[in-house]
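Structural characterization, general
The residues making up each chain are set out below.
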Amino acid sequence: MTQQEFHELVHLVMDSPAHPPETLFLGGMDNWHARARLAHFLAMKGIDRTKEALELFHSIVEVDVDDTKSEDVEEKAFALQRLSSLEKEQNQDEAALKHIDQAIELAESTDFLYKYVLRGELWADRWNLMHKMGMAKDAEEEVDERIAAYADIPIAHNSYLYYGYRFKAQLAAERHVTLVAKDYMHMALHAMEVPPAYQPRLDAAFAQTHDNASWILSEIDRATPNPDNLHWDI
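Attention in this report is confined to the structure presented alongside it. Sequence order as written defines residue numbering, which begins from 1 separately in each chain. Totals for whole chains, interfaces and linings use every residue, but because this is a predicted model, local features are given only for residues with pLDDT of at least 70 and side-chain atom pairs only at 80 or more, for both listing and counting. The side-chain figures draw on all heavy atoms in the structure; neither hydrogens nor water molecules are used.

Attention shifts here to the overall build of the protein. Per the convention used, a helix needs a DSSP run of H or I reaching at least four residues, while a strand needs a run of E reaching at least two, with both numbered from the N terminus. Counting its secondary structure elements, the protein contains 11 helices and 0 strands. Shown N-terminal to C-terminal, the secondary structure of the protein runs as helices and strands in the order α-α-α-α-α-α-α-α-α-α-α. In terms of C-alpha radius of gyration, the protein reaches 19 Å, essentially the compact-globule figure of 17 Å for 234 residues. Taken along its principal axes, the extent of the C-alpha atoms in the protein is 60 × 35 × 35 Å. Any residue under 20% of the maximum accessible area for its type is buried, any over 50% is exposed, and the rest in between are partly exposed; the area is computed with a 1.4 Å probe on protein chains only. Split into buried and exposed, the 234 residues of the protein put 46% on the buried side. Only the C-alpha atoms count toward the radius of gyration. The rule for a globule is 2.2 Å times the residue count to the power 0.38.

Have a look at this one:
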């Protein structure tokens, strides 16, 4: 991609409903932060410039980050996560698995508490991708390992446990074991900060007595607060 093409794409996203400030893209093509940020906007629904987004994301896969700066580590991990999700949508599953693994390795290389990257969510992306690739058994074994490793840590809000139990609930729903799926979701929500205002809808979702487990899990998800907006300890 040329500097001119980059400049034109910056103005494309600036003129979109997302309307990001131009300061996000200072440095142009020579700044990997600017390339990653532009790629995120290009991949958004409504802009849908997936080809260009993939090109920009791929351009930062090998960049070095300053591992003393949480913002640097997080921005690259987040870019790798989004690259993986785009590749999954394109059915480029092997590449997607490689890049989500790189995101996990990078995010777990430090002890920083990131602002928007959740280590548990990165693992969930890996497990869901493995499921898509016919590796659900291997994914479930990894989930059990993560749960065993983090279950006894004395913290209240644990993204590893939330996403691990949520994945096991999904598998239970696919196996039409509704009560087990509900039990796993109860355990998942115990690892999450749930404001009281959300509890009535969650109670109503869990109170469903039919055996359409997938529908119940969807209702639970709709009643659950957005993990991106909550406090996490890990």
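Still to come is the rest of the account.
Here is the rule: rings of Phe, Tyr and Trp (six-membered ring for Trp) pair when centre to centre is within 6.5 Å. Planes less than 30 degrees apart are stacked, more than 60 are edge-to-face, and the remainder are tilted. The tally for this structure, following the rule as stated, stands at 9 aromatic pairs. Pairing phenylalanine 25 with phenylalanine 41 gives two aromatic rings, centres 6.1 Å apart and planes at 75°, and the pair type is edge-to-face. Within this pair, whereas phenylalanine 25 is found in the loop between helix H1 (3–14) and helix H2 (32–42), its partner phenylalanine 41 is found in helix H2, the two being separated by 16 residues in sequence. Comparing phenylalanine 25 with phenylalanine 41 shows no difference in burial state: the two are buried. Seen from their ring centres, tyrosine 162 and tryptophan 232 are 5.9 Å apart, and the 50° between their planes marks the pair as tilted. Linking tyrosine 162 in helix H8 (residues 159–174) with tryptophan 232 in the segment after helix H11 (213–223), this pair joins segments that are 70 residues apart in sequence.

It is worth spelling out the pattern of salt bridges at this point. Basic side-chain nitrogens of Lys or Arg form a salt bridge, by our definition, when they fall within 4 Å of a carboxyl oxygen of Asp or Glu. Following the criterion strictly, the structure yields 12 salt bridges and no others. A network of salt bridges, in which partner residues are shared, links Glu140, Asp144, Lys168 and Arg175.

Another aspect to go through is H11. Among all positions of H11, only Ala213, Ile216, Leu217, Ile220 and Ala223 are buried. Seen end-on, H11 carries its buried residues on one side only, within an arc spanning 125°. In the core, the buried residues of H11 are packed alongside H8, helix H9 (178–190) and helix H10 (199–206). This arc describes the spread of directions from the helix axis toward the C-beta atoms. The contact definition used throughout considers only heavy atoms, calling two residues in contact when any of these lie within 4.5 Å.

To continue, consider the side chain of threonine 224. As for its position among the elements, threonine 224 is in the segment after H11. In the analysis that follows, any N or O atom pair within 3.5 Å is treated as a polar contact, provided that within protein one partner can donate a hydrogen and the other can accept it, and provided that, for residues neighboring in sequence, both atoms belong to side chains. Among the polar contacts made by the side chain of threonine 224, one reaches the main-chain carbonyl oxygen of isoleucine 220 at a distance of 2.6 Å. Not counting residues within four places of it along the chain, the set of residues in contact with threonine 224 comprises Tyr162, Leu189, Met192, Tyr198 and Leu202.

Bear in mind that shape data such as this cannot, by itself, settle questions of function.
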